[in-house]
Amino acid sequence: MTKYIFVTGGVVSSVGKGISVASIGRILKSRNLTISVQKLDPYLNVDPGTMSPYQHGEVFVTQDGAETDLDLGHYERFINIELTKASNVTSGQVYSSVIRQERKGDFLGGTIQVVPHVTNEIKRRIRNAATISNPDVLIVEVGGTVGDIEGEPFLEAIRQMRNDEGHDNVLYVHVTFLPYIAATEELKTKPTQHSVKELRRIGIQPDFILCRSDREVSQEIKDKISLFCDVAKDAVIPLVTSSTIYEVPLLLEDSGLGDLIINRFHLLSQKTNLEAWRKMVYNLQTPKDKLTIGLVGKYVGLRDAYYSVREALCHAALAHNCILHIEWISSEDIQEEQDERLRQVQGIILPGGFGSRGIEGMVKAAKFARENKIPYFGLCLGLHTMVIEFSRYVFGSQNANSTEFDPETPYPVIDLLPEQKAVDQKGGTMRLGTYPCKLMQATKAAEAYGKDMVYERHRHRFEFNNNFRQQLQNAGMVLSGLSPDDKLVEIVELQNHPWMLSCQFHPEFKSHPNDPHPLFVAFIGQAKKTLIEGSQTILPIK
Ligand code: GLN
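Residues numbered from 1 in each chain as written. Predicted model: local features only at pLDDT ≥ 70, side-chain atom pairs only at ≥ 80, totals over all residues. Heavy atoms only, no water.

### Brief notes about the overall build of the chain
- The helix and strand inventory of the chain stands at 18 helices and 23 strands.
- In terms of overall size, the chain behaves like a compact globule, its C-alpha atoms giving a radius of gyration of 25 Å where 542 residues would be expected to give roughly 24 Å.
- For the C-alpha atoms alone, the extent of the chain along its principal axes is close to 70 × 60 × 45 Å.
- Counting the 542 residues in the chain, one finds 57% classified as buried.
- Considering only contacts in the chain between residues 6 or more positions apart, those separated by 24 or more positions represent 74%. (Helix = DSSP H or I, 4+ residues; strand = E, 2+ residues; numbered from the N terminus. Rg over C-alpha atoms; globule rule 2.2 N^0.38 Å. Buried < 20%, exposed > 50% of the residue type's maximum accessible area, 1.4 Å probe, protein only. Contact = heavy atoms within 4.5 Å.)

### Considerations on helix α1 (residues 17-29)
- Its 13 residues give α1 an end-to-end C-alpha distance of 18 Å, which sits within 8% of 18 Å, the value for a rise of 1.5 Å per residue.
- Within α1, 12 of the 13 residues are buried, which leaves the element mostly enclosed by the surrounding structure.
- Listed as buried for α1 are K17, G18, I19, S20, V21, A22, S23, I24, G25, R26, I27 and L28. (Expected span 1.5 Å × (residues − 1).)

### A look at the site of the ligand
- In the vicinity of the ligand, the residues found are G352, G353, F354, C380, L381, H384, E404, R459, H460, R461, F462 and H506.
- Residue G353 places a main-chain N or O atom 2.9 Å away from a nitrogen atom belonging to the ligand.
- Here R461 contributes a backbone N or O atom positioned 3.0 Å from an oxygen atom of the ligand.
- Of all the secondary structure elements, the ones that give two or more residues to the shell around the ligand are α15 (381-395) and β19 (453-460).
- For the shell around the ligand, the residue count by class is 4 nonpolar, 5 polar and 3 charged. (Near = heavy atom within 4 Å. Polar contact = N/O pair within 3.5 Å; in protein donor to acceptor, adjacent residues only side chain to side chain. Nonpolar A, V, L, I, M, F, W, Y, C, P; charged D, E, K, R; others polar.)

### Structural notes on the packing of helix α6 (residues 152-165) against helix α7 (residues 190-202)
- Axis separation between α6 and α7 bottoms out at 10 Å; the angle between their running directions is 65°. As judged from the angle between their axes, α6 and α7 are roughly perpendicular. Crossing handedness for the pair α6 and α7: right-handed. From α6, E152, L155, E156 and R159 reach across to α7, where they touch E198, R201 and I202. (Axes fitted to C-alpha atoms, helices over the stretch in contact; angles between N-to-C directions. Parallel < 35°, antiparallel > 145°, perpendicular 65-115°, else oblique. Left-handed = near helix turned anticlockwise from the far one by under 90°.)

### Focus: helix α4 (residues 91-104)
- For α4, with 14 residues, the first-to-last C-alpha span of 20 Å sits near the 20 Å given by 1.5 Å per residue.
- For α4, the full list of buried residues reads S91, G92, Q93, V94, S97 and V98.
- Of the surrounding secondary structure, the elements contacted by the buried residues of α4 are β2 (35-41), β5 (88-90), α5 (114-133) and α6.

So, in structure tokens, the structure goes:
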């Protein structure tokens, strides 16, 4: 029977609730328990797929093609699990399904209310997530902060779960923040007390309080929180900001949280085994060669928009014993090919994106990488810009383009598939989720993966236009990954270049700190080579 851990947040947002959930998952998994995770998001959007990256950060794509909150990325990276559509529930989904049932007449004319109809639907979805993989423990994160109007039905639903499932099968973790007052040099507990009071008003008494803080938390402060919030002393757990998020599972384990949860649930588990993780964190924190990668994107003002890309780069750098520095370069700022910042990097990565803003800057970055033989890695839109740039060079025309940016282009090298052209809706019209990709022998892609067939996650509408295959191949572009039926181009690379490769999918979603993605490892490996071999890429500044 599945046990449930519900995690709420208090005081302010961005205190690391998602990382805490992922870390709890890791410490329980390291005891050989099976874990699944779910995120309940109180906003009314059906999914974050159509939300602006500025509003929502990255959209994380699950293997079954759900467009979800970026916290699911933390869960997968930390716990090494694959989540599904059922792992992200929004108010939008809950209300639409309740209203759909009402329209169908499923409630037999009854008055539809938040309690019990909406809360029942929320509980049904929580249990559904547990049924899918039948884990020992399902950890459920409630998005937002306690006190938000939107979050109330979710809190009410998780409150009911304790009675429904039994006291020994449900526990509540509240993550709060302790502000530091510089003038008096002290951490304050009052906001935490108020937030717990608010939780209690709803009927939830937390079993554990995780206190995020930028300073050490004294025993005195812990005792005070224990007294005023009515939790056991050892259940007040400091979460002091650390240099890497991957240290958080170790902080929680060392504070005893793992054992406390096991005892509280009366679970039989094996001894914890976090040694490999500990070693990985040690390596991350030990200074090494610094590698600079230029990330040229449309949304670099908001780093969260590229969360998984950033993490995947960091995992690969770790595998090569390097410390990664990312130079964030807004593609709109690239006015000329000889951009000074591009000269300073050992590799250029172009991540995904939508719409025409900043595309010409990305094409210039691709040109710079091709001409100067700088390692280049394109992800989805990064493949499109690589193909556009190469085509402009091959056809001698600045008008080669994707029909996403220029519907009238004479060289539509990136285009919608004919069957996609009839669709005019924005939500849910993309190629989403995992598709197979067959690799061509003796290519950089095949060498990186060391396999014949791989499975990667997609999120895009536009594809490589097959009408241009022959001409681009003749000019030195290698189609190193294709769909098994040969119809779709999945990976391209250049013949006369040390490492210029792009993929139509998003490999960043499948990278883990302890299991980095092969393409990222190959890209960083080539970048490290340029660092060691000298100034191949560090060109003299004019
Ligand atoms: N805008 C492009 C498309 O829709 C690329 C999408 C992406 O980079 N995820 O195909």
